[in-house]
Amino acid sequence: MGKPLIVGRKEFAKLFDVAPTSVSDRWVPRGLLRYEDAAIVSGKPYWPGGLAAAFQTPTGRATLNETVLAQLMEAQGARALPRTKEDLPALVGYQEYAALFDVTQEHIAGAMKKQSEILAPVDYVMEGPGASKLWLLETVLGHAETTLRVSRQDRWALQKDVAKALLEKQYEGPGSRIVARGAKAQVGKS
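Predicted, not measured: the structure shown is a model, and the values here were computed from it.

(A) Representation of the nonpolar core in the model. Counting 24 residues, the largest nonpolar core has Val-92, Tyr-97, Leu-100, Phe-101, Leu-119 and Trp-135 as its most contacted members. Elements with a minimum of two residues in this core: helix 5 (94-101), helix 6 (105-114), helix 7 (137-150) and helix 8 (160-167). At five residues, helix 5 tops the list of elements feeding residues into this core. Setting aside residues up to four positions removed in sequence, Tyr-97 forms contacts with Val-92, Ile-108, Ile-118, Leu-119, Ala-120, Trp-135, Val-140 and Thr-147. Core analysis: the next-biggest nonpolar cluster, separate from the first, contains 22 residues, Val-28, Ala-38, Met-73 and Ala-78 among them.

Here it is as structure tokens:
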């Protein structure tokens, strides 16, 4: 299988010409779309492109924008439309990258800002301001020798147990769950 298309909340919404809030505030709560069908990377859901392309609402109001689908495929260099999260390769965001090398997310963000060769080339840049950067685990592990060579003071150390958990899709560390944000996160807190 070639590189898969993955869609976050913003890409999903763009595919159907709706606001991103339709995905998280309407479709998910109504059970039309499930977080359980998404890979959770750095606390955000990413659905397989094939699942998104086949999405339908019971009323049929959501119509796939084929032009946007083609644009997303091209932008991501995607060649495959997997239908299930099990068909996706292991994905890595800032939180998983930090756990893989036993550093902080600030180390990852700083290296990204400096465009340091300590990080592997990004595989996915997702939509919107503050766009999420994602890597295929395969890319990160393939770059690990360079990461370790470039790191200063031997601060970065590959955590093989984290790599194994990510590869086996058993990772339960930082970023493996969706964390409530905004006003909804404050409900019930004093």
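Now that the structure has been shown, we can carry on.
(B) Broad picture of the sheet that holds strand 3 (residues 44-48). Strand order in the open sheet made by the three strands is 1-3-2, with antiparallel pairing throughout. One side of each edge strand has no neighbouring strand; the edge strands of this open sheet are strand 1 (6-7) and strand 2 (39-41). Examined bridge by bridge, strand 1 and strand 3 share two bridges and lie antiparallel to one another. Within strand 3, the residue paired with Ile-6 across the bridge is Pro-48.

(C) Spatial organisation of the side chain of Glu-11. Assignment of secondary structure puts Glu-11 in helix 1 (residues 9-15). This buried residue, Glu-11, is left without a salt bridge; Lys-10 holds the nearest opposite charge, at 7.8 Å. Not counting residues within four places of it along the chain, the set of residues in contact with Glu-11 comprises Leu-72, Met-126 and Glu-127.

(D) Region of interest: the pairing of strand 3. Judged by how many residues are buried, strand 3 sits mostly within the fold: four of five residues are covered. Bridge analysis of strand 2 against strand 3 gives three bridges, and the strand direction is antiparallel. For Ala-39, the partnering residue across the bridge sits in strand 3 and is Tyr-46. Here strand 2 folds back onto strand 3 in antiparallel fashion, the turn holding two residues, of which Ser-42 has a positive phi close to 50°.

(E) Quick look at the packing of aromatic side chains. One pass over the full model with this rule turns up 12 aromatic pairs. Ring plane angle 70° and centroid distance 6.0 Å describe the contact between Phe-12 and Trp-27, whose orientation is recorded as edge-to-face. Of this pair, Phe-12 sits in helix 1 while Trp-27 sits in helix 2 (residues 20-27), and the two are 15 residues apart along the sequence. Ring plane angle 50° and centroid distance 5.8 Å describe the contact between Phe-101 and Trp-156, whose orientation is recorded as tilted. Of the two residues, Phe-101 sits in helix 5 while Trp-156 sits in the loop between helix 7 and helix 8, which places them 55 residues apart along the sequence. Exposure remark for Phe-101: the relative accessible area of 0% places this residue in the buried category. With a relative accessible area of 7%, Trp-156 lands in the buried category.

Here is what the cut-offs are and how they apply
- Residues numbered from 1 in each chain as written.
- Predicted model: local features only at pLDDT ≥ 70, side-chain atom pairs only at ≥ 80, totals over all residues.
- Heavy atoms only, no water.
- Core = buried A, V, L, I, M, F, W, Y, C linked by side-chain atoms within 4.5 Å.
- Buried < 20%, exposed > 50% of the residue type's maximum accessible area, 1.4 Å probe, protein only.
- Helix = DSSP H or I, 4+ residues; strand = E, 2+ residues; numbered from the N terminus.
- Contact = heavy atoms within 4.5 Å.
- Pairing = 2+ DSSP bridges.
- Lys, Arg positive; Asp, Glu negative; His and termini not counted.
- Salt bridge = Lys/Arg side-chain N within 4 Å of Asp/Glu carboxyl O.
- Phe/Tyr/Trp six-rings, centres within 6.5 Å; stacked < 30°, edge-to-face > 60°.

Such coordinate-based values are descriptive only and should not be taken to indicate function.
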